[in-house]
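One-letter residues, chain by chain:
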2 protein chains.
Amino acid sequence: MEAVENILKRRSIRKYTTEKIDADTMHKLLECGMAGPTCVNARDWAFIAVDDNELLAKLAECNGRPAGMLPDAAAAIIVCGDLSRAFPRAKDYWIIDASIATQNIVLAANAMGIGTVWLGTYPQMERVEKIEKLLELPEEIVPLAVIALGYPAEEKPDDKFIYEESRVHFNKW
Amino acid sequence: MEAVENILKRRSIRKYTTEKIDADTMHKLLECGMAGPTCVNARDWAFIAVDDNELLAKLAECNGRPAGMLPDAAAAIIVCGDLSRAFPRAKDYWIIDASIATQNIVLAANAMGIGTVWLGTYPQMERVEKIEKLLELPEEIVPLAVIALGYPAEEKPDDKFIYEESRVHFNKW
């Protein structure tokens, strides 16, 4: 899909068919995740791709009520920050760098016909801690978000509200 | 440009021609900024588009050494969080929501032939405070990033390093 149209038409998709995501497609999604800018080119992220059904169900239990569709997703990608790589003078750039990676994956998936929903993890620390425990993550790895992925089994109407005039200022506040 | 290719080929562009960005193009960029997901659909961002040369020069002074190209940019967009709209139980989701908006603009610009560089502001608080002061921002508005924009006057080689195997894990850490 053309890139601007792809950005404007992306919607959160929460119902999926039973079709799995093949390895090449998953690789392309992860490549897109790594293609964004990072602060001082730190590349301070890590990715955990999950397609094991049992693990998807456990992951759902970690990430609060909005994650209820995860057991029925084809896969998930947990996007994490890696604090050992983060810009030492302002480590919290990891949040931004991991968000860029997550949005790249969401957009790439949409372009490849795969539905996604961005399930927020950080800064809700009870979710962060549950995922850290489930996956036995090293201390420097912090989960930012879980992306649920699957081929869409729902259609969203094409009347999304986007532009909000009051949010824009020109050359002064 | 096709959406996945657009994600993979984006590079930071720091040299620009003198061509300005017209109002329709700026509108489309801002629309893309508002098309991303936000936590509980809070739409907790605000955008300040700048094309005044004097203001671009002052903005450069606020945002540290990496912002040196701003006086020669065609325009800039300052992407801010709006804390008055942020999810009350976890306000720091504004950082993520504003990052999504920024990356959408960066990708849309690339697709429209416009070069960008993401100039990090938050969490470097001295930059945040200088921009707040320069633009007399209301208390609830926090600048996350400045996007420098302009038609490219440099080419980047097509050999970008992207995929890093060690960053990916499957079904366990």
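Above this text is the structure in question.
Residues numbered from 1 in each chain as written. Chains lettered and ligands numbered in written order. Predicted model: local features only at pLDDT ≥ 70, side-chain atom pairs only at ≥ 80, totals over all residues. Heavy atoms only, no water.

(A) Expanded view of the relation of the copies chain A and chain B. You can overlay chain A on chain B at an RMSD of 0.0 Å; the transform is a turn of 180 degrees with a shift of 0.0 Å along its axis. Such values leave the two copies arranged in the relation of a two-fold axis. Taking C-alpha positions as the reference, the residue of chain A nearest the rotation axis is Ala-3 of chain A, at 1.9 Å. Here 100% of the contact residues of chain A are again contact residues in chain B; the copies associate through an equivalent surface. (Least-squares fit on C-alpha atoms with pLDDT ≥ 70 in both. Contact = heavy atoms within 4.5 Å.)

(B) The interface of chain A and chain B, seen in detail. Taken together, the contact between chain A and chain B spans 69 residues of the former and 69 residues of the latter. Both sides together, the interface formed by chain A and chain B hides about 5,800 Å², and carbon and sulfur atoms give 64% of it. By the criterion of area lost to chain B, the three top residues of chain A are Arg-167, Asn-171 and Trp-173 of chain A, representing 14% of everything that side buries. Between chain A and chain B we count 6 salt bridges in total. The closest approach of N and O atoms between Glu-164 of chain B and Arg-43 of chain A, which form a salt bridge, is 3.0 Å. Within the residue set of the side of chain A that touches chain B, elements represented by two or more residues are helix 1 (3-9), helix 2 (23-33), strand 1 (45-50), helix 4 (93-111), strand 3 (115-120), strand 4 (141-150) and strand 5 (168-170) of chain A. Residue contributions to the side of chain A that touches chain B peak at 10 residues, all from helix 4 of chain A. Among the residues forming the side of chain A that touches chain B, the class breakdown is 42 nonpolar, 11 polar and 16 charged. (Buried area = accessible area lost by both parts, 1.4 Å probe. Salt bridge = Lys/Arg side-chain N within 4 Å of Asp/Glu carboxyl O. Helix = DSSP H or I, 4+ residues; strand = E, 2+ residues; numbered from the N terminus. Nonpolar A, V, L, I, M, F, W, Y, C, P; charged D, E, K, R; others polar.)

(C) The sheet that holds strand 2 (residues 75-82) of chain B, seen in detail. Spatially, 5 strands are ordered 5(A)-1(B)-2(B)-4(B)-3(B) in an open sheet, and the strand pairing comes out mixed. Only two strands of the sheet have a single neighbouring strand rather than two, namely strand 5 of chain A together with strand 3 (115-120) of chain B. Averaged over all neighbouring strand pairs, the angle between strand axes comes to 20 degrees, with direction disregarded. Inspection of the sheet shows strand 5 of chain A paired to strand 1 (residues 45-50) of chain B by 3 bridges, in the parallel sense. Bridging across to strand 1 of chain B, Val-168 of chain A finds its partner in Phe-47 of chain B. (Pairing = 2+ DSSP bridges. Axes fitted to C-alpha atoms, helices over the stretch in contact; angles between N-to-C directions.)

(D) Focus on the pattern of salt bridges. Considering all chains together, one arrives at 10 salt bridges over all chains under this definition. Its salt-bridge partner being Arg-167 of chain B, residue Asp-82 of chain A comes within 2.9 Å of it at the nearest N-O pair. Placement of Asp-82 of chain A in strand 2 (residues 75-82) and of Arg-167 of chain B in the loop between strand 4 (141-150) and strand 5 (168-170) is noted, with the two residues assigned to different chains. In this structure, Asp-82 of chain A and Arg-167 of chain B share a single accessibility class: buried. Connected via shared salt-bridge partners are Arg-43 and Arg-85 of chain A together with Glu-164 of chain B. (Buried < 20%, exposed > 50% of the residue type's maximum accessible area, 1.4 Å probe, protein only.)

(E) How the structure looks around helix 4 (residues 93-111) of chain B. Residue and element names in this part refer to chain B. Over its 19 residues, helix 4 runs 27 Å from end to end, which matches the ideal 27 Å to within 8%, given 1.5 Å per residue. For helix 4, a buried count of 19 out of 19 residues is recorded, marking the element as mostly surrounded by other parts of the structure. Positioned one or two residues after helix 4, Gly-113 has a phi angle of 80 degrees, which is positive. (Expected span 1.5 Å × (residues − 1).)

(F) Examining unusual backbone geometry more closely. The amide bond that connects Tyr-122 of chain A to the next residue, Pro-123 of chain A, takes the cis arrangement and shows omega of 10 degrees. With respect to the secondary-structure elements, Pro-123 of chain A resides in the loop between strand 3 and helix 5 (125-134). Here the phi dihedral of Glu-136 of chain A falls at roughly 50 degrees; this positive angle occurs in a residue that is not glycine. Along the chain, Glu-136 of chain A falls in the loop between helix 5 and strand 4. We note that Val-40 of chain B has phi near 45 degrees; this positive angle belongs to a residue other than glycine. Along the chain, Val-40 of chain B falls in the loop between helix 2 (23-33) and strand 1.

(G) Summary view of the environment of Leu-137 of chain A. By the secondary structure assignment, Leu-137 of chain A is in the loop between helix 5 and strand 4. A relative accessible area of 12% places Leu-137 of chain A in the buried class. Expressed as a C-alpha distance, the spacing of Leu-137 of chain A and Cys-80 of chain A, which sit 57 residues apart in the sequence, is 9.9 Å. Beyond its immediate sequence surroundings of up to four residues, Leu-137 of chain A is in contact with Ile-48, Ile-131, Glu-132 and Pro-143 of chain A together with Trp-173 of chain B.

(H) Focus on the packing of helix 2 of chain A against helix 4 of chain A. Residue and element names in this part refer to chain A. Here helix 2 crosses helix 4 at 140 degrees, and the two axes come no closer than 7 Å. One finds that helix 2 runs oblique with respect to helix 4. As helix 2 packs across helix 4, the resulting crossing turns out to be right-handed. Across the interface between the two elements, Leu-29, Cys-32 and Gly-33 from helix 2 touch Ala-101, Asn-104, Ile-105, Ala-108 and Ala-109 from helix 4. For the contact of helix 2 with helix 4, a count of residues per class yields 6 nonpolar, 2 polar and no charged. (Parallel < 35°, antiparallel > 145°, perpendicular 65-115°, else oblique. Left-handed = near helix turned anticlockwise from the far one by under 90°.)

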